[in-house]
Amino acid sequence: MLLPEPLRLQLKARYDAIANHHIKRDLLNALPFWVGAVVTGLVAVLYAKLFGWAEAGTRYIYHQSPWLFLAVTPLCFLVGWWLVQRYAPYARGSGIPQVSAAIDLSNPRHRYKVSRLLSLRVVVVKIVSSLVMVVGGAVIGREGPTIQIAASIFKRINDWLPAWYPKVSRRNMVITGAAAGLASAFNTPLGGIVFAIEELTKTHFNYFKSALLTGVIIAGLTALNLLGPYLYLGYPKLDHLPIWIIFVVMLVAVLTGFAASSMAEAILWLLRQKARLTSPVHRALYPVACGLLIAGLGVAFGEQVFGSGKEIMVSTLFTADKHVAWYLPLLRIIGPVISFSTGAAGGIFAPALSAGASMGAVVAEWMYLPDTATNLLVLCGMAGFLTGVTRSPFTSSILVIEMTNSHNIIFYLMLTALLANLVSNLVTRHSFYDQLKVQYIQEIHRTEEQARKMNEMDYTQDIVCQVLIEEKSKEIIYLVLNEFIPGYEKINLDYTGKSNDENYKFESEDEMIDFYISTPNVRKTFYWNKYKENSDKIMVGANITTDNQIVFSLTFNGTLKTEAKYYLRLKRFLKSNVGVISYIDPVEYNNGNDFKNRYKNILYEFEKIVNNM
């Protein structure tokens, strides 16, 4: 990025005047974070204003005639979807999974792929698509998109740093950008910091705490100075709470945890079904059908169906009329499922909070609770539902506390979040965002590899096919070896010792395999090669997992046809329906069950063709 020459010379002169070398180095390291934080604060405020005007447009249309939405909503959903598909496919949805995927890809091997997820094009498309959706009454929020927008800004600033500039970690800038985005969106600096630590990274806080703290503070102050001192929601009354209310809080935690995780699973299921649509016409008709459904619900049940749902939170917390219809939580759950599955841009943070608020209000009304107790259940519902979606209980608790300045109920909120997290884990072990993150990473690798293969005459190296069998068997290992690389080279006996005695030396390959097969709950991976008469350079791997299953892998060179041949052959040989294809490196998983949960629904195009024959 080029600055005007006079300004550049003036800045350089001021910088050269600093005598202390350490101060100069620290200043250079901090400057990109400061600039990114200021820009993030400005963009977040502008986006918030635009989003508010778009929601006002929705209300205006509704007050003119609710029936107008039968035309407006399908059109807006179609335009919002088309913008994403045409200009920035990774601008779809929330934005948080894309940021998580970008953080995982921020390494020397894959860092060039991050630009697909975070770029200025993504920023523009994200804003425009989500605003169009909101005008049409989509049940989406701006908080997740703000996080991706902020991370894109920080990433772009990192790209602009000249070659002579001290090395600044792109990964840390993306993390800081995401945290600054959340802090700006909700005016919750602590929430942004906890979000970065709990949701985005496992990096030790000490490695980037200064950058993270300053980024969040500057972005928050920028938004604060433009919007003035405010809380996202306000100051609800929370005094004179009865002792026994804790049991009702626990009930709300269970209900919201189950409902939120079920909603997330419903969205993922719809996305999987939608992925089966191959016709461009069918893909375009899907958002139109979703728009008609949302419009029909709005006409039938009223204005509360539309938008992020902030009005629901405000009315249940700050008005005398805390009544909500018993079916409102269902509508607030169905709305995000339909809106998110379209493939247009839009977040799920605010809709999750409003769904939880409505559930808390309904429970309070069932039990004829006073206003202060109702307020408590509304806030606990918000924390519980958001936890069920994100699986970040501390982030959810801190966000609700900072949005309402309700520090006196922190233990109720944390209890709700932890219980909701426990219930959600019973529904599915992996969070909504984690599952989407894995899909984005696989999609990027697959797209990149397909493009590379086209450029290299349809030939590539290091294709990795992995297939699971839900048992441990030495006989199956030898059957696979003799099927794919007969006459394979034996494993070097120095490869490993016993899991409980690394100094032990096995006398034969058979003894080594037999030990790890017969020993329960150990993990060990073996690889076999064949150096002669192996034109595709196949290497067979057997990963014995801690839950006593085996993930077999074939690594080889070849074409798309070769890839399909070996993948289908391995699945048929093992009589397994669970597998995945990757390139260069095997996919990540913790054990056999984790592999199954992550990859059980993958169906490649060549498999669909074979299945239909």
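Keep in mind the model is a prediction, meaning the values are calculated, not measured. Once a new chain begins, its residue numbering starts again from 1 and follows that chain's sequence as written. Reporting of local features is limited, given that this is a predicted model, to residues whose pLDDT is at least 70; pairs of side-chain atoms are given and counted only at 80 or more, and all residues count toward the totals for whole chains, interfaces and linings. The basis for every side-chain value is the complete set of non-hydrogen atoms in the structure, without hydrogens or water.

### Observations concerning the overall build of the protein
A helix here means a DSSP run of H or I that spans at least four residues, while a strand means a run of E at least two residues long, and both kinds are numbered starting from the N terminus. Tallying secondary structure elements over the protein gives 24 helices and 5 strands in all. Looking at the protein as a whole, 55% of its 613 residues qualify as buried. Should any heavy atoms of two residues lie within 4.5 Å, those residues are counted as being in contact. Of all intrachain contacts in the protein linking residues separated by at least 6 positions in sequence, the fraction that spans at least 24 positions is 75%. Throughout, the Shrake-Rupley method with a 1.4 Å probe supplies accessible areas, and for residues the shown protein chains are the sole cover considered. A total of about 27,600 Å² of accessible surface is found on the protein, and carbon and sulfur atoms cover 61% of it. The buried label applies to any residue whose accessible area, calculated with a 1.4 Å probe on protein chains only, is under 20% of its type's maximum; exposed applies above 50%, and partly exposed to all values in between.

### Focus: unusual backbone geometry
Residues other than glycine seldom take positive phi values, yet Tyr-368 does so here, at roughly 55°. Within the secondary structure layout, Tyr-368 lies in the loop between α15 (349-366) and α16 (371-390). You will see that Asn-521, though not glycine, has its phi angle at about 60°, which is positive. By the secondary structure assignment, Asn-521 is in the loop between α21 (509-518) and β2 (524-528). Classification of Asn-521 as exposed rests on a relative accessible area of 51%.

### Some remarks on α15
Helical geometry note: an α-helix holds 3.6 residues per turn, so side chains three or four residues apart project in the same direction. Multiply 1.5 Å by the residue count of a helix minus one, and that product is the helix's expected span. Helix length check: α15 (18 residues) gives 26 Å between terminal C-alpha atoms against 26 Å at 1.5 Å per residue, within 8%. Just downstream of α15 lies Tyr-368, where phi reads positive at about 55°.

### Some details on the pattern of salt bridges
We define a salt bridge as a side-chain nitrogen of Lys or Arg found within 4 Å of a carboxyl oxygen belonging to Asp or Glu. Evaluation of the coordinates by the stated rule reveals 13 salt bridges. Among the salt bridges present, the one from Arg-569 reaches Glu-483, with a minimum N-O distance of 3.2 Å. Here Arg-569, found in helix α22 (residues 560-574), pairs with Glu-483, found in helix α20 (residues 474-484); they are 86 residues apart in sequence, far enough to count as distant. Of the residues examined, Arg-569 reaches a relative accessible area of 30% and is grouped as partly exposed. Here the salt bridges do not stand alone but share partners, grouping Lys-155, Arg-156, Asp-159 and Arg-170 into one network.

### Observations concerning the environment of Ile-333
The topology assignment puts Ile-333 in helix α14 (residues 328-340). For the pair Ile-333 and Pro-351, spaced 18 residues apart in sequence, the C-alpha to C-alpha distance is 8.0 Å. With residues up to four places along the chain from it excluded, the contact list for Ile-333 reads Ala-259, Met-263, Ala-355 and Phe-385.

### Section: the side chain of Lys-530
Mapped onto the elements, Lys-530 comes out in the loop between β2 and β3 (539-544). In this structure the side chain of Lys-530 is engaged in a polar contact, spanning 2.6 Å, whose partner is the backbone oxygen of Pro-486. Those residues in contact with Lys-530 that lie beyond four places of it in its chain are Ile-485, Pro-486, Gly-487, Tyr-488, Glu-489 and Ile-538. Between N or O atoms, a polar contact is any pair within 3.5 Å; within protein, one atom must be a potential hydrogen donor and the other a potential acceptor, and residues adjacent in sequence are included only when both atoms are from side chains.

### Observations concerning the nonpolar core
Counting residues in hydrophobic clusters, the biggest one holds 73 residues, and the most contacted among them are Met-382, Phe-385 and Phe-432. Here the element with the most residues in this core is α16; it accounts for 11 residues. Residues Val-551, Phe-552, Leu-568 and Leu-570 belong to the second largest nonpolar core, which totals 50 residues. By nonpolar core is meant a set of buried Ala, Val, Leu, Ile, Met, Phe, Trp, Tyr and Cys residues that side-chain atoms within 4.5 Å join together.

### Quick look at the packing of aromatic side chains
By convention, a stacked pair of Phe, Tyr or Trp rings (six-membered ring in the case of Trp) has centres within 6.5 Å and planes under 30 degrees apart, an edge-to-face pair has planes over 60 apart, and any other such pair is tilted. One pass over the structure, following the stated rule, counts 22 aromatic pairs. Between Phe-69 and Phe-306, the ring centres sit 4.4 Å apart and the planes meet at 35°, which makes this aromatic pair tilted. Taken together, the residues Phe-69 in helix α3 (residues 69-87) and Phe-306 in the loop between α12 (280-301) and α13 (310-318) connect sequence positions 237 residues apart. Residue Phe-69 is classed as buried on the basis of its relative accessible area, which comes to 0%. When the centroid spacing of 5.8 Å and the interplanar angle of 70° are considered together, the rings of Tyr-516 and Phe-526 count as edge-to-face. Here Tyr-516 is found in helix α21, whereas its partner Phe-526 is found in strand β2, with 10 residues between them in sequence. With relative accessibility at 1%, the residue Tyr-516 sits in the buried group. Overall, the relative accessible area of 0% leaves Phe-526 in the buried class. Here the aromatic residues Tyr-504, Phe-506, Phe-515, Tyr-516, Phe-526 and Trp-528 are joined through ring pairs into a cluster of three or more. Should the NZ of a Lys or the CZ of an Arg lie within 6 Å of a ring centre and within 35 degrees of the ring normal, that charge is described as sitting over the ring. Above the ring of Tyr-504, the side-chain terminus of Lys-498 is found at 4.3 Å from the ring centroid. Here the basic side chain of Lys-565 rests over the ring of Tyr-566, its NZ or CZ set 4.6 Å away from the ring centre.

### Things to note about the packing of α20 against α22
Their axes nearest at 11 Å, the elements α20 and α22 cross at an angle of 145°. Note on packing geometry: the crossing formed by α20 with α22 is right-handed. Two secondary-structure elements touch here, α20 through Ile-476, Leu-479, Val-480, Glu-483 and Phe-484 and α22 through Tyr-566, Arg-569, Leu-570, Phe-573 and Leu-574. When the residues that make up the contact of α20 with α22 are grouped by side-chain class, the tally is 8 nonpolar, no polar and 2 charged. Lines are fitted to the C-alpha atoms to define the axes, a helix being fitted only along its stretch in contact, and any angle between axes, read from their N-to-C directions, falls within 0 to 180 degrees. By the definition used in this description, the sense in which the near helix is turned from the far one sets the handedness, with an anticlockwise turn below a right angle giving left-handed and a clockwise turn giving right-handed. Note on residue categories: nonpolar means Ala, Val, Leu, Ile, Met, Phe, Trp, Tyr, Cys or Pro, charged means Asp, Glu, Lys or Arg, and polar means any other residue, Gly included.

### Here's the deal with the confidence of the model for the protein
Values of pLDDT, ranging from 0 to 100, describe the predictor's confidence in every residue of the model. Residue-level pLDDT values for the protein average 85, and 85% of them are 70 or greater. With pLDDT under 50 throughout, residues 203-207 is counted as low confidence; its partners more than four residues away or in other chains account for 6 contacts.

### Some thoughts on a nonpolar patch on the surface
Patches here: salt-bridge-free residues with over 30% relative accessible area, like charges joined within 9 Å, nonpolar side chains (Val, Leu, Ile, Met, Phe, Trp, Tyr) joined within 5 Å. A contiguous nonpolar surface patch, about 730 Å² in accessible area, is contributed by Leu-251, Leu-255, Trp-326, Leu-330, Ile-334, Trp-366 and Met-367. Within the secondary structure, Leu-330 is located in helix α14. Leu-330 gets classed as partly exposed once you look at its relative accessible area, which sits at 48%.

### Some details on the pairing of strand β4 (residues 550-559)
The buried count for β4 comes to 9 of 10 residues, which makes it a mostly enclosed element. Strand pairing is assigned whenever DSSP detects at least two bridges linking the two strands. Here 6 bridges tie β3 to β4, and the two strands are oriented antiparallel to one another. From the neighbouring strand, Ala-542 faces β4, where its bridge partner is Phe-552. What sits between β3 and β4 in their antiparallel hairpin is a turn of 5 residues, with Asn-548 showing a positive phi close to 65°.

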